[in-house]
Amino acid sequence: MDLDLRLAKLRRVSALLGGWLIPAGFIGLLFYFPLGSILLLGFSGEFLGVLGTPIAVAAIWFTLWQAVVSVALALAIGLPLSYLLYRRRFFGSAFLRNLMLVPFVTPTIVVVIALQPLRVLPTWMAILAANLFLNLAVIVRGVGSSWQSLDRNLDDAARLDGANGWRLIRSIHVPVLRSAILSSASLVFLYCATSFAIVLSFGGGQIQSIETLTYYSLTAHLDLPTASVLALVQTVITVVVFLLSRRGDVAVEDLSLSAAPLASRFSVFAVWGFIAVAFALPIGQVLARGLNAQAFDWLNSLGARGLLDITVWQALANSLRNSLIAASLALVVGTLVAKLSTRRPGLRLWFVLPLGVSSVMLGFGYLVAFGGEPLPLRSSWMVVPLVQSVLATPLVVRGLSAALDGLPRELAESAATAGASGWQIWRMIELPLIAIAFKNAVALALLVSIGEFGSAALLSYGKQATLPVVLFRLISRPGEQNYSMAMAAASLMIIFVFAVVTLTSAGKPKN
Amino acid sequence: MMLSIPKVSIRIASLFAAVTLTAISLTGCSSSSSLASQLTVVVHDSVVITDAQLAEFTKQTGIEVTLVKAGDAGAMTNKLVLTKDQPIGDLVYGIDNTFASVATSNNVIAGDLSAIDYGDVCLNYDKTWFASHELAAPTSLDDLIKSDYQGLTVVENPNTSSTGLGFLAASVAQYGDAGWQTYWRALKNNDVKIDAGWEDAYYTDFSGSSGKGNYPIVLSYSSSPADEVRDNGESQTAAILGGCYRQTEYAGVLTGTKNLGGAKKFIEFLLSDKFQASIPGSMYMYPVSKTVSLPDSWAQFAPAADQPIGKDLDVNANRATWLKAWTSIFG
């Protein structure tokens, strides 16, 4: 009896270990090993002295304050928007929800082009506005999907007690939504704290963040100690944010829904007006420049005087292939982590860290770590999708964990008692229940890989260049043809992103 | 007693293993570059060598070439330094004079560097804008600090742009160690705009490009006007050929190559008239060879500078000092 019990326990433990083997091996080999290799090169006597240099202090300070202010602004604007877009019903609300997501998953090079009008603002204001443009959707969607499924009977009951309007929201909704707010706010913080192209372009190189300083320490000065210290600081920030947001990682799955009440006419105008000016206008500007017959004709060329190695279409094919591979890997690993960690959410931290590490740093890590035998990865085209899968994994882990944690545990347990295997439980019970979160995770993983630039620019071969890399090459050379092709490529990307977002958010969840 | 692992993990494990194995097997072939018939050439982002050109080289020599693009010139050079124990190729093409000493002092290069092409960092202006505003176009670096040209100039940040660094070097050459900071303070007082990269300055802020920005003077290259020729057959822009800084791009054999002979043959190929003649086309640079002629539009609109300045400066040795001083003016 005693022996049986111990054997059963041993079996459980080994099953758990066996399951962890894949994700741990994946993240260990493809993230911690290359990152560790480059960090080790940076260790030296002056290591900590770097933190005292004015330029490093300024970069850390700027990174933190702009991220905090961006989150505050995103909440101030995002929560009311979220309420109207997810809790009220009006013409075009689904379209607006999808449109808002476009900047978040569009390559930042395109975002920078779209936001050129912001450049008349003072630097810091332009950076904050660009952060909002990129990340508002994270708050709106993250909070909105929980808000949407909040039981309306609760509202009715509260109204009977005389609670209404703000009081209703404050006393009934906010406590329930707290976790969703915390979770999306922390994600926005991380994205703002690690943004690269926005700070660089709108800061004119005169304002440095941790991320941009890391990049220039590596590429212009080969200053490994500085780059390594900054990478560590960024890691610490990511860990702290993760720990703070952990309490928040519970989301309610959409189980909707009785029809939402109609929005008031004033709020409909306000939402349409805001999104038209803040989102449709900048996006439309890129489309206006890119969507013309001449530009698309040029897309079949290699740029003015043969600038490119491949056409934009071939680059698009490379990007699609890479993102399919990266998304599949990220989904496999992310799903395993989310499932295995329901009882040990702390372990997720190990898989979320790639969110906070400079992809250029990781790219250099690959160069150092995967140079020769036994894994000469750096000379293979697979290196780009592999890095991108590492970068997409945190998003899958976060999205699926939140949904899985929200499922009642008895379901899986009773199915297991009835003899269902782990695969059957996942396939027949859990997956259908978290279908929306899963679909969102698929879309995010695909789009993040499509838009990734930092590692692709550093690691991709001539013939393997991805769409963002080719786009950057085009706008790095003079001439109308190159510029028009860049705009057309940017337009293609925007349309593709919008299509993926619309397709994956269509359809109603099963009850 | 057998220990059972959940089926779900087994399925996923096999899928994962399949993908990983595919990845590894796909990479396997690349490690054979040590053979004398294989040559790996490391180049920066903007280097263009076409398939047809590579095929011709293979026909001449029997050597198959793999091109590895390795980021911009700075990123590429530093990559080479980081990976010198396991070099990523047999030779490098595209290291410029601002980074050359990083490579040589770190013993990345075996033997000498050979100059292949060059470009001149020069101010460009929008001819149409100056004509319609009835203002004489600027002709020198001195003009930029005159009040007539207040708020008209956009240049790249030397911290983040190699073009910007070239201009910083030009200012040091022109005004000397004692005067260059005064010049930049005057530029700042004259409302010069600083952008992070060439693409921001040229396409977003310069009025003479397709981006149609608000600044009629931009820091670019002497060759850029050849790409702004309008329907009337005239270029909308012109370069100020005084005070230009010349960026020369080199090729060199990488330390540790197992194909020294092939690498040397490739450098000869880069210096052949046929390849040299293709350089203005795809790379937007000038060939070092004096025997090949420039395309018509270049001869007409984009001649190189007669007397570039700053040739004797050791940019790499001074980079940190200059950038620190520059940043304290603009920080």
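In this text the structure is predicted, and so the values were computed from the model without any measurement.

(A) View of the overall build of chain A. Across its full length, chain A carries 22 helices and zero strands. The C-alpha atoms of chain A give 24 Å as radius of gyration, which agrees with the globular expectation for 511 residues (24 Å, within 12%). For the C-alpha atoms alone, the extent of chain A along its principal axes is close to 70 × 70 × 50 Å. Considering only contacts within chain A whose residues lie at least 6 apart along the sequence, 84% involve residues at least 24 apart.

(B) Molecular detail of the confidence of the model for chain A. Residue and element names in this part refer to chain A. Confidence along chain A averages 82 in pLDDT terms, with 92% of residues attaining 70 or more. By mean pLDDT, the top-scoring element of chain A is helix α2 (residues 54-87) (92), and the lowest-scoring one is helix α6 (residues 152-160) (71). In this model, residues 248-256 is a region of pLDDT below 50 whose contacts with residues beyond four sequence positions or in other chains number 39 contacts.

(C) Region of interest: helix α18 (residues 422-433) of chain A. All names here are of chain A. In this model, α18 (twelve residues) spans 15 Å end to end at C-alpha, consistent with the 16 Å of a helix rising 1.5 Å per residue. Among the residues of α18, those classed as buried are G422, I425, W426, E430 and L433. In a view along the axis of α18, the buried residues occupy a sector of 95 degrees, so they form one face of it.

(D) Structural context of the pairing of strand β7 (residues 217-221) of chain B. Residue and element names in this part refer to chain B. Counting buried residues in β7 gives five out of five residues, a clear majority hidden from the surface. In the sheet, strand β4 (residues 109-126) pairs with β7 via five bridges, with the strands oriented antiparallel. Paired with L123 across the bridge in β7 is L219. Alignment of strand β5 (residues 153-156) against β7, held across two bridges, turns out to be parallel. By the bridge assignment, V154 is partnered in β7 with V218.

(E) Spotlight on the packing of α2(A) against helix α5 (residues 123-148) of chain A. Residues and elements named next belong to chain A. With their axes 7 Å apart at the nearest point, α2 and α5 run at an angle of 45 degrees to one another. With respect to their mutual orientation, α2 and α5 come out oblique. Crossing angle aside, the handedness with which α2 passes α5 is right-handed. Across the contact of α2 with α5, the residue classes tally to 18 nonpolar, nine polar and one charged.

(F) How the structure looks around the environment of E228(B). Here E228(B) is to be found in the loop between β7 and β8 (237-254). When the C-alpha atoms of E228(B) and T66(B) are compared, they prove to be 34 Å apart, with 162 residues separating the residues in sequence. The contacts of E228(B), once residues within four sequence positions are left out, are P478(A), G208(B), S209(B), S235(B), Q236(B) and T237(B).

Here is what the cut-offs are and how they apply
- Residues numbered from 1 in each chain as written.
- Chains lettered and ligands numbered in written order.
- Predicted model: local features only at pLDDT ≥ 70, side-chain atom pairs only at ≥ 80, totals over all residues.
- Helix = DSSP H or I, 4+ residues; strand = E, 2+ residues; numbered from the N terminus.
- Rg over C-alpha atoms; globule rule 2.2 N^0.38 Å.
- Contact = placed C-beta atoms within 7 Å.
- pLDDT = per-residue confidence, 0-100.
- Expected span 1.5 Å × (residues − 1).
- Buried ≥ 20, exposed ≤ 12 C-beta atoms within 10 Å, placed from the backbone.
- Arc of directions from axis to C-beta.
- Pairing = 2+ DSSP bridges.
- Axes fitted to C-alpha atoms, helices over the stretch in contact; angles between N-to-C directions.
- Parallel < 35°, antiparallel > 145°, perpendicular 65-115°, else oblique.
- Left-handed = near helix turned anticlockwise from the far one by under 90°.
- Nonpolar A, V, L, I, M, F, W, Y, C, P; charged D, E, K, R; others polar.

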